[in-house]
Amino acid sequence: MTRAAMRDDTNPVSLGRERDERGSNALVPLLSVRKLRKNYRSGGGLLEVLRGVDFDLDQSGFVAIVGQSGSGKSTLLHLMGLLDEPDSGEVYLSGTRIDNLPAHHRDRLRNTDIGMVFQSYHLLPEFNALENVLAPLMVRYGVLEWMRRKTEARGRARALLERFGLGARLHHKPRQLSGGEMQRVAIARALVSQPRVLLADEPTGNLDEASGAEILDTICELNREDGLSIVLVTHDSAIARRADRIVRLAAGHVETI
Ligand code: ADP
Ligand code: MG
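Residues numbered from 1 in each chain as written. Chains lettered and ligands numbered in written order. Predicted model: local features only at pLDDT ≥ 70, side-chain atom pairs only at ≥ 80, totals over all residues. Heavy atoms only, no water.

Asks: Sorry, what's going on with the sheet that holds strand E10 (residues 253–256) here?
Replies: If you trace the 6 strands from one edge of the open sheet to the other, you get E6-E7-E8-E3-E9-E10, paired in mixed fashion. Bordering the open sheet on either side are strand E6 (114–117) and E10, each of which pairs with just one other strand. Neighbour-to-neighbour, the strand axes of the sheet open up by a mean angle of 20°, direction not taken into account. Pairing between strand E3 (residues 62–66) and strand E9 (residues 245–250): 4 bridges, direction parallel. Each residue of the ladder has a partner; that of Ile 65, found in E9, is Val 247. Relative to E6, helix H6 (residues 179–191) is tilted by about 170°, and along the sheet it contacts E6 and strand E7 (197–201). (Pairing = 2+ DSSP bridges. Helix = DSSP H or I, 4+ residues; strand = E, 2+ residues; numbered from the N terminus. Axes fitted to C-alpha atoms, helices over the stretch in contact; angles between N-to-C directions. Contact = heavy atoms within 4.5 Å.)

Asks: What exactly am I supposed to notice about the pattern of salt bridges here?
Replies: For side chains bearing opposite charge, pairing can occur when the charged atoms are close. For the coordinates displayed, the defined rule picks out 16 salt bridges. In this structure, the salt-bridge partner of Arg 169 is Glu 181, at a minimum N-O distance of 3.2 Å. Of this pair, Arg 169 sits in the loop between helix H5 (129–163) and H6 while Glu 181 sits in helix H6; the two residues are 12 residues apart in sequence, bridging distant segments of the chain. One salt bridge in this structure joins Arg 184 and Glu 214, with 3.8 Å as the shortest N-O distance. Within this pair, whereas Arg 184 is found in helix H6, its partner Glu 214 is found in helix H7 (residues 209–226), the two being separated by 30 residues in sequence. With relative accessibility at 14%, the residue Arg 184 sits in the buried group. Using a relative accessible area of 45% as the deciding quantity, one classes Glu 214 as partly exposed. Each of Glu 145, Arg 149, Glu 152 and Arg 156 takes part in one network of salt bridges that share partners. (Salt bridge = Lys/Arg side-chain N within 4 Å of Asp/Glu carboxyl O. Buried < 20%, exposed > 50% of the residue type's maximum accessible area, 1.4 Å probe, protein only.)

Asks: Whenever I open this one, the packing of aromatic side chains confuses me. Can you help?
Replies: Inspection of the entire model under this criterion finds 1 aromatic pair. Directly above the aromatic system of Phe 55 lies the positively charged group of Arg 245, at a separation of 5.9 Å from the ring centroid. (Phe/Tyr/Trp six-rings, centres within 6.5 Å; stacked < 30°, edge-to-face > 60°. Lys NZ or Arg CZ within 6 Å of the ring centre and 35° of its normal.)

Asks: I tried to follow the site of ligand 1 on my own but got confused; where do I start?
Replies: For ligand 1, the full set of nearby residues is Tyr 40, Leu 47, Val 49, Gln 68, Ser 69, Gly 70, Ser 71, Gly 72, Lys 73, Ser 74 and Thr 75. Within the backbone of Gly 72, an N or O atom sits 3.0 Å from an oxygen atom of ligand 1. One nitrogen or oxygen atom from the side chain of Ser 74 is found 2.9 Å from an oxygen atom belonging to ligand 1. Against a free-state accessible area of 560 Å², the protein chains account for coverage of 58% of ligand 1. Taken together, the elements giving at least two residues each to the shell around ligand 1 come down to strand E2 (45–57) and helix H3 (73–80). When its residues are assigned to classes, the shell around ligand 1 shows 3 nonpolar, 7 polar and 1 charged. (Near = heavy atom within 4 Å. Polar contact = N/O pair within 3.5 Å; in protein donor to acceptor, adjacent residues only side chain to side chain. Areas by Shrake-Rupley, 256 points an atom, 1.4 Å probe, with all protein chains shown as cover. Nonpolar A, V, L, I, M, F, W, Y, C, P; charged D, E, K, R; others polar.)

Asks: When you look at the pairing of E6 in this model, what are you seeing that I'm missing?
Replies: When a strand is regular, its side chains alternate between the sheet's two faces. Judged by which residues are buried, E6 turns out to be covered on both faces: Ile 114 and Met 116 on one side and Gly 115 and Val 117 on the other are all buried. Summarising the sheet, E6 and E7 pair through 4 bridges and their orientation is parallel. The partner of Ile 114 across the bridge, within E7, is Val 197.

Asks: Please explain the environment of Leu 177 as it appears in this structure.
Replies: Within the secondary structure, Leu 177 is located in the loop between H5 and H6. Separated by 48 residues in the primary sequence, Leu 177 and Ala 129 have C-alpha atoms spaced 9.0 Å apart. Leu 177 has contacts with Arg 169, His 172, Met 182 and Val 185, leaving out every residue within four places of it along the chain.

Asks: Just to check I follow, could you spell out the environment of Arg 97 for this structure?
Replies: By the secondary structure assignment, Arg 97 is in strand E5 (residues 96–97). Note: C-alpha distance between Arg 97 and Ser 32 (65 residues apart in sequence) is 9.1 Å. Apart from residues lying up to four places away in sequence, Arg 97 is in contact with Gly 89, Glu 90, Val 91 and Tyr 92. A distance of 3.4 Å separates a polar atom in the side chain of Arg 97 from the backbone oxygen of Gly 89. There is a polar contact of 3.0 Å between the side chain of Arg 97 and the side chain of Asp 99.

Here it is, written out as structure tokens:
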């Protein structure tokens with residue numbers, strides 16, 4: 001039995017989705033961008049950040065994107081995560097174009113299929129750890145469905161936090177947590193919807209070395225043991241070497257290293 005076949009939606013810690021194996025052609029990359037261009041207007045000038053980027057992430061792949069500060073790594077990740085729109089070019093998920101979908105459809109995909117983690121965690125300060133992890137499901141379900149599914153959702157969120165060693169921190173607010181703990185809450189939040197891909201933007205950038213190493217180990221484990229497909233942005237080549245493949249962003253283009 002494959003790792004994927006062992007996954008089960010009733011298992012709260014299960015991250016995979018059988019439909020990826022059932023419904024999609026293994027030859028089609030999970031996530032692709034084609035001829036992606038993004039400019040910013042600044043001070044009357046035009047800053048060409050991405051000048052025609054092509055990129056593929058295979059199902060269960062783990063790719064690191066490296067590049068100097070300002071090379072456009074976050075810009076690229078935001079476009080892949082549908083947080084921003086390209087000036088031209090395309091983004092595909094399992095072969096389906098997603099960048100040109102209506103806004104409500106893109107919001108939905110971001111909520112269900114794309115997990116994102118950022119350097120600065122972006123937790124809601126008034127919510128405790130458990131509530132932060134549950135937030136995407138509350139948004140997705142709406143009031144009536146939330147009432148029906150609340151128990152199951154809380155079980156799933158709690159199981160994820162326990163898996164990441166935060167079983168004793170469920171009711172802590174972000175200000176009561178360390179940086180490493182906040183990032184583990186953020187990873188649990190990114191995974192609670194069982195996304196098809198995790199996009200991480202310098203997830204260890206604000207952490208001390210030991211906490212950063214723990215977060216990196218967690219991300220690697222999610223790929224190796226759960227088969228989660230991951231794009232990791234980092235300026236640190238030692239971190240990038242943990243991925244299966246490294247691509248460098250420079251002068252608006254990507255090259256495989
Ligand atoms: P990286 O993540 O590799 O450090 P970014 O993608 O954040 O790079 O930024 C790439 C370039 O685009 C930088 O020069 C940055 O200043 C510029 N930039 C990013 N976002 C904006 C924006 N919203 N408006 C104008 N310029 C921006
Ligand atoms: Mg950045």
